[in-house]
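An overview of the molecular structure
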Amino acid sequence: MSRQTIYYFDNNATTRAAPEVVDAMLPFLRDHYGNPSSIYKFGSQTAYEIKMARAKVAALLNAEPEEIVFTSCGTESNNAALHSALATQPGKRHILTTAVEHSAINNHCAFLKKQGCEVTFLPVDAGGALDLNMLDKSIRPDTALVSVMWANNETGVVFPIAEIAAICHSKKTLFHTDATQAPGKLEMDVKALDADLLTLSAHKLHGPKGIGSLYVKRRTKFQPYLLGGHQEHGRRAGTENVASIVAFGRAAELALDRFDLENTRVRALRDRMEDAILAGIPNTVRNGAREPRLPNTSNIAFDYVEAEAILLLLDQIGVCASSGSACTTGSLEPSHVLTAMGVSPARARGCIRFSLGIYNTEGEVDYLLKHLPRIIKKLREISPAGAKKGA
Ligand code: PLP
């Protein structure tokens, strides 16, 4: 592994596990390795720790502990929500979602289409916003689930989830939100929100990778995605990932504590970085409306350059950022999110997402702002489009 100093601006891809989280987790890898389903105390004591962690994740959402089902990741939670909505309503074969969801919804919907379901992908406008009238009109008697993400992982654009939930419930339709990017950054209260199903993933909130949860509102019919043992009150089979569940609980506590930090210091850092890039580097634009937006995310188009080239040069100086979602990096297709917002393919190929976090410092932003203009200038000089435009 490289020992270069890392300037990490990719917190929407994943976050560094907080030291407090690692401390909470390690004893369950090293010492308390019993199976929570065991009858003896060495195992069953870990069941108590799972119970505590469940209460902490529930508190993050103002949910009841029994409404939280631990899963292996956000992807599984999203897949499980779609699966359950269809399995518990066999007469309903339509899914309503948006054109800008994460691939964990998009690709599952593409699979469902092949299986004979109908899927409507709602468009967004240039700022990334949904037309709620259109959403309302698109709900059909056979709509099994409306699934709309809370905050977009590529642009940070936030959808009015409470209004969407109200529209769905006025039509007695189930509502799921992929809230993977929201914790610690947006106020989350499922009682006020009234979602039926809600996805979280610990590694986006300074927890470990490979652990997520699905909130299932009390009395919502639920069909498990994984069948087997009776873990998770019969809603998700498989021996519990005790260490990661405990760590998720600790990360949820910290996310609540650090809500103000994300919304003051991180927001100010993001704004300073974004304003300086837009003012200091010609031919740059922000993708997505300025507000409502996650406080940490900035997606910027650098015209006449390829994002991959920018990322490679940033990597050489230790800066981590990304072009779109980590799950689609490496694909040559322009981002489906930016395409849905009407960004031209040429512009979409030059877009970089910077996503900050609580561990970023003013000095790190200064470092980025010192090097980025030089990198963009250099790439434009050698790019045919940039040279032609004199960019
Ligand atoms: N949903 C959104 C909005 C995401 O940003 C991600 C991760 O990038 C996921 C779902 C998938 O989460 P996981 O990596 O835990 O499967």
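Please refer to the structure placed before this passage.
Okay, so let's go over this structure.

Glancing now at the overall build of the protein. Broken down by element type, the protein carries 15 helices and twelve strands. By its C-alpha atoms, the protein is 70 × 50 × 35 Å across when sized along the principal axes. Residues classed as buried in the protein amount to 55% of the 391 residues present. Sequence separation of at least 24 residues holds for 74% of the intrachain contacts in the protein that already meet a minimum separation of 6. A total accessible area of about 16800 Å² is found for the protein, and carbon and sulfur atoms account for 56% of it. Distance from the positive charge centre (44 side chains) to the negative charge centre (41 side chains) of the protein: 2 Å.

It is worth spelling out the nonpolar core at this point. With 66 residues, the main nonpolar core has Trp150, Ile164 and Leu198 as its most contacted residues. Counting 29 residues, the second-largest nonpolar core is a separate cluster that includes Ile281, Ala307, Val365 and Leu368.

Here the amide bond leading from Glu291 into Pro292 is cis, since omega sits at -10°, within 30 degrees of zero. Along the chain, Pro292 falls in the loop between strand E9 (284-286) and strand E10 (297-302). In this structure, Lys172 is a non-glycine residue whose phi angle is positive, near 55°. By secondary structure assignment, the location of Lys172 is in the loop between helix H6 (161-170) and strand E6 (175-178). Even without glycine at this site, Asp194 takes up a positive phi of about 65°. Note that Asp194 resides in the loop between helix H7 (190-193) and strand E7 (197-201).

Moving on, we come to the side chain of Arg380. With respect to the secondary-structure elements, Arg380 resides in helix H14 (residues 362-382). No salt bridge forms around the buried Arg380; measuring N to O, its nearest opposite-charge neighbour Asp303 is 6.2 Å away. Within the structure, Arg380 has its side chain in polar contact with the backbone oxygen of Pro282 (distance 2.8 Å).

Moving on, we come to helix H2 (residues 41-61). Relative to the 30 Å expected for 21 residues at 1.5 Å per residue, H2 spans 31 Å between its end C-alpha atoms, a close match to the ideal helical length. Among the residues making up H2, those that are buried are Gly43, Thr46, Ile50, Ala53, Arg54, Val57, Ala58, Leu60 and Leu61. Buried residues of H2, seen end-on, are gathered within an arc of 140° and therefore sit on one face of the element. Turned more than 90 degrees away from the buried face of H2, the exposed residues are Lys41 and Lys51.

Before going further, it helps to examine the packing of aromatic side chains. Given two aromatic rings, their pairing is described by the distance between the two centres and the angle made by the two planes. The full count for this structure, using the stated rule, is three aromatic pairs. Here Tyr7 and Tyr367 contribute two aromatic rings whose centre-to-centre distance is 3.7 Å and whose plane-to-plane angle is 5°, an arrangement assigned as stacked. Of the two residues, Tyr7 is situated in strand E1 (residues 7-8) and Tyr367 in helix H14; the sequence distance between them amounts to 360 residues. Each member of the pair, Tyr7 together with Tyr367, is buried. Positioned above the aromatic ring of Tyr359 is the side chain of Arg16, whose terminal nitrogen or guanidinium carbon lies 4.4 Å from the ring centre.

Let's shift gears to the pattern of salt bridges. Counting across every chain of the model gives 23 salt bridges. The salt bridge partner of Arg236 is Glu76, with a shortest N-O separation of 2.8 Å. You can see Arg236 sitting in the loop between helix H8 (231-234) and helix H9 (242-257) and its partner Glu76 sitting in helix H3 (residues 74-88), a full 160 residues away along the chain. Across the salt bridge formed by Arg290 and Glu274, the nearest N and O atoms sit 3.6 Å from each other. Taken together, the residues Arg290 in the loop between E9 and E10 and Glu274 in helix H10 (residues 259-280) connect sequence positions 16 residues apart.

What follows covers the environment of Gly116. Within the fold, Gly116 resides in the loop between helix H4 (103-114) and strand E4 (118-122). Look at Gly116 and you get exposed, because its relative accessible area is 56%. The spatial distance from the C-alpha of Gly116 to the C-alpha of Ala252 is 38 Å, given a sequence separation of 136 residues.

A word on the sheet that holds strand E12 (residues 351-355). Pairing in this open sheet of three strands is antiparallel, and the strands run E9-E10-E12 from one edge to the other. In this open sheet, the two edge strands, each paired with only one partner strand, are E9 and E12. Neighbour-to-neighbour, the strand axes of the sheet open up by a mean angle of 25°, direction not taken into account. The sheet contact formed by E9 and E10 spans three bridges and is antiparallel.

In the vicinity of the ligand, 13 residues are found, and the nearest of them are Thr75, Asp178, Gln181, Ser201 and Lys204. Within the side chain of Thr75, one N or O atom sits 2.6 Å away from an oxygen atom of the ligand. In this structure, His102 approaches the ligand through a side-chain N or O atom, which is 3.3 Å from an oxygen atom. The protein chains hide 92% of the 390 Å² of surface that the ligand would expose on its own. With three residues, H3 is the single largest residue contributor to the shell around the ligand.

Quick notes on the rules
- Residues numbered from 1 in each chain as written.
- Predicted model: local features only at pLDDT ≥ 70, side-chain atom pairs only at ≥ 80, totals over all residues.
- Heavy atoms only, no water.
- Helix = DSSP H or I, 4+ residues; strand = E, 2+ residues; numbered from the N terminus.
- Buried < 20%, exposed > 50% of the residue type's maximum accessible area, 1.4 Å probe, protein only.
- Contact = heavy atoms within 4.5 Å.
- Areas by Shrake-Rupley, 256 points an atom, 1.4 Å probe, with all protein chains shown as cover.
- Lys, Arg positive; Asp, Glu negative; His and termini not counted.
- Charge placed at Lys NZ, Arg CZ, Asp CG, Glu CD.
- Core = buried A, V, L, I, M, F, W, Y, C linked by side-chain atoms within 4.5 Å.
- Salt bridge = Lys/Arg side-chain N within 4 Å of Asp/Glu carboxyl O.
- Polar contact = N/O pair within 3.5 Å; in protein donor to acceptor, adjacent residues only side chain to side chain.
- Expected span 1.5 Å × (residues − 1).
- Arc of directions from axis to C-beta.
- Phe/Tyr/Trp six-rings, centres within 6.5 Å; stacked < 30°, edge-to-face > 60°.
- Lys NZ or Arg CZ within 6 Å of the ring centre and 35° of its normal.
- Pairing = 2+ DSSP bridges.
- Axes fitted to C-alpha atoms, helices over the stretch in contact; angles between N-to-C directions.
- Near = heavy atom within 4 Å.

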